[in-house]
Amino acid sequence: MYFLDCKLDELISKKYDDISNMVQLTYGVKYDGIMIQSILNLLKSDNTSLNLFSSHNVDKIINNYSEDHHFLTMASLHTIKPFTLSCLHCHLPLKLQFKEKVNVFLMDHIDNGVIFIARCCHIEYHTNSYIKGSKRYVNRQSLYNQKYIYFGGKCVLYIDVLLRYVSDLINMYAGFENFCGAYNDTITSVLLQHARDNDLKMKDPPVLERRLFENIWLIYSTSILKFFLSTSTEIDIPYHISNHDERNLFFASQLPQLERDFIVYWSSHMLKFECDSQCCKAIVIDGFQKPNRFICGFMQELIHSEELGDIEWGCGFRPEMIPDKQNPGYWKNTKYCPKHIDLEYTQSVRCSTDKDDYNVGDCNVSRTDRYYTRQTSYGVVHTMYNCGIIVNFNELYRSESPTRVLHRLFTTIDCVSSSVPLPKYLIYDNACGLLLTFRHRLEHGQIHRTTRTDVL
């Protein structure tokens, strides 16, 4: 009884009635709520924690009770409150109110939980976020050292599950679908191991849905990275994290500044961490084609460079899936993203304006596009220091041509921390082609001179 009281939060409005029901279900003895409260007050007044029911697992008693459909209760092991108990504006204590019941996904099982929210000064406070007007925000306090991660819906993730995914991603290259599939199989196996006849848990168990887990992890990780790299105190995140357009807009708006913050932070790593005597002596550029993915087939998407003008960069959005008219109820893949889907039914010719600015006699390495029917990206090109610290990396939607590498170099140079000198040396497996392209375009007025071109 004492430990039931310790496990249940004071926010539960009928806490002592719930304890009474649990005692009756477990032992067949009926005490009313007032009697329960009196007994507990007596134990607390004597500073005595008598182990009255030590033969039973208290967590199991609470879980079984919360899942019993004969009782309408808020009793739960997981009473999940807003990240702050005082208003961020007026600093007065918040009045919490029950919102809904949720599924809490832990490492080896799934529990019921209850969500509480609060409202004050036209701000609505949630577990890891708050809403002002029509926008949802997170701050450092809402994400740092939190036990639960929740951005709406019926799914609450225990922080250990997110950390486990990070470990599996790094060490086993696990994707979201693989991780969620393994998690759900593990939960099912554990339930089968301990299931009793007619166990309700086995009839319709909750599952960790891949898309929802992916959205939660991406929003959470992007926000944590933003706070780590910068001095930002508040981030505007999607109001509905499962909304396709809101989510894409969030990442598209965050990416440019995240890249700048990343370069600034890691280019000055020698001031933050101990490194060897050869630290930051040279910049190394290298490309990797293995981490490719399916992307939109529109190759003529342009980006603008102050130095190089318009560059064919390609479109990196995933191709759209559309209903299959010949097979109702099924979907089929296309070659284009929603923005360029109209090209799916045209006879457009995929061409490239990329040409080497040098001939084979000067350099026998060519990095122009060769496969015009390719449907995947060209991997990643990264920029690092010779001591092994990556200072910038970019996905390639088209080939690793000298103009695209030059554009990434100009961007990196522009963002390198002013507190450290830029290395004097550049190492690259197509350095001759890069130098020939740079000189040719500079001499023929195809590069607009800036402080970045002077540094290069």
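Residues numbered from 1 in each chain as written. Predicted model: local features only at pLDDT ≥ 70, side-chain atom pairs only at ≥ 80, totals over all residues. Heavy atoms only, no water.

### Comments concerning the nonpolar core
Here comes step 1: Within the largest apolar cluster, 38 residues are counted, with the highest numbers of intra-cluster contacts made by Phe 151, Val 156, Leu 157, Leu 162, Leu 208 and Phe 213.
Here comes step 2: For this core, the secondary structure elements donating two or more residues are β2 (96-105), β3 (110-120), β7 (148-149), β8 (155-158), α6 (159-172), α7 (176-194), α8 (210-229) and β9 (234-237).
Here comes step 3: In this view, Leu 208 contacts Phe 105, Cys 155, Leu 157, Phe 179, Cys 180, Tyr 183, Asn 184 and Phe 213; residues no more than four positions away in its chain are not counted.
Here comes step 4: Membership of the second largest hydrophobic core comes to 24 residues, among which are Tyr 385, Val 405, Val 416 and Tyr 428. (Core = buried A, V, L, I, M, F, W, Y, C linked by side-chain atoms within 4.5 Å. Buried < 20%, exposed > 50% of the residue type's maximum accessible area, 1.4 Å probe, protein only. Helix = DSSP H or I, 4+ residues; strand = E, 2+ residues; numbered from the N terminus. Contact = heavy atoms within 4.5 Å.)

### Focus on the pairing of β2
Where a strand is regular, its side chains alternate between the two sheet faces.
Here comes step 1: Bridge count for β2 against β3 is 9 bridges, and the pairing is antiparallel. The residue bridging Phe 105 from the neighbouring strand is Ile 110, located in β3.
Here comes step 2: Between β2 and the antiparallel strand that follows it, β3, lie 4 residues.
Here comes step 3: In terms of strand pairing, β2 meets β8 through 3 bridges, oriented parallel. (Pairing = 2+ DSSP bridges.)

### Quick notes on helix α10 (residues 402-415)
Here comes step 1: Relative to the 20 Å expected for 14 residues at 1.5 Å per residue, α10 spans 20 Å between its end C-alpha atoms, a close match to the ideal helical length.
Here comes step 2: Buried residues dominate α10, accounting for 13 of its 14 residues. (Expected span 1.5 Å × (residues − 1).)

### With respect to the side chain of Arg 367
Here comes step 1: Note that Arg 367 resides in the loop between β14 (331-333) and β15 (380-385).
Here comes step 2: At 3.2 Å, the side chain of Arg 367 forms a polar contact with the side chain of Glu 400.
Here comes step 3: A polar atom in the side chain of Arg 367 sits 3.3 Å from the side chain of Tyr 428.
Here comes step 4: Sequence-distant contacts of Arg 367, that is, excluding residues within four places in its chain, are made with Asp 356, Ser 399, Glu 400, Ser 401, Pro 402, Tyr 428, Asp 429 and Asn 430. (Polar contact = N/O pair within 3.5 Å; in protein donor to acceptor, adjacent residues only side chain to side chain.)

### Regarding the packing of aromatic side chains
Here comes step 1: On inspection of all chains with the given rule, the structure shows 21 aromatic pairs.
Here comes step 2: Summarising the aromatic geometry, the rings of Tyr 144 and Phe 227 are spaced 6.4 Å apart at their centres and angled 85° between planes, so their arrangement reads as edge-to-face. Taken together, the residues span a long stretch of sequence, with Tyr 144 in the loop between α5 (140-143) and β7 and Phe 227 in helix α8 at a distance of 83 residues.
Here comes step 3: Taken together, the aromatic side chains of Tyr 165, Phe 176, Phe 179, Phe 213 and Trp 217 make up a single cluster linked through ring pairs.
Here comes step 4: The ring of Tyr 137 is capped by Lys 132, whose NZ or CZ atom sits 4.9 Å from the centre of that ring.
Here comes step 5: The ring of Tyr 265 carries Lys 272 above its face, with NZ or CZ at 4.5 Å from the centroid. (Phe/Tyr/Trp six-rings, centres within 6.5 Å; stacked < 30°, edge-to-face > 60°. Lys NZ or Arg CZ within 6 Å of the ring centre and 35° of its normal.)

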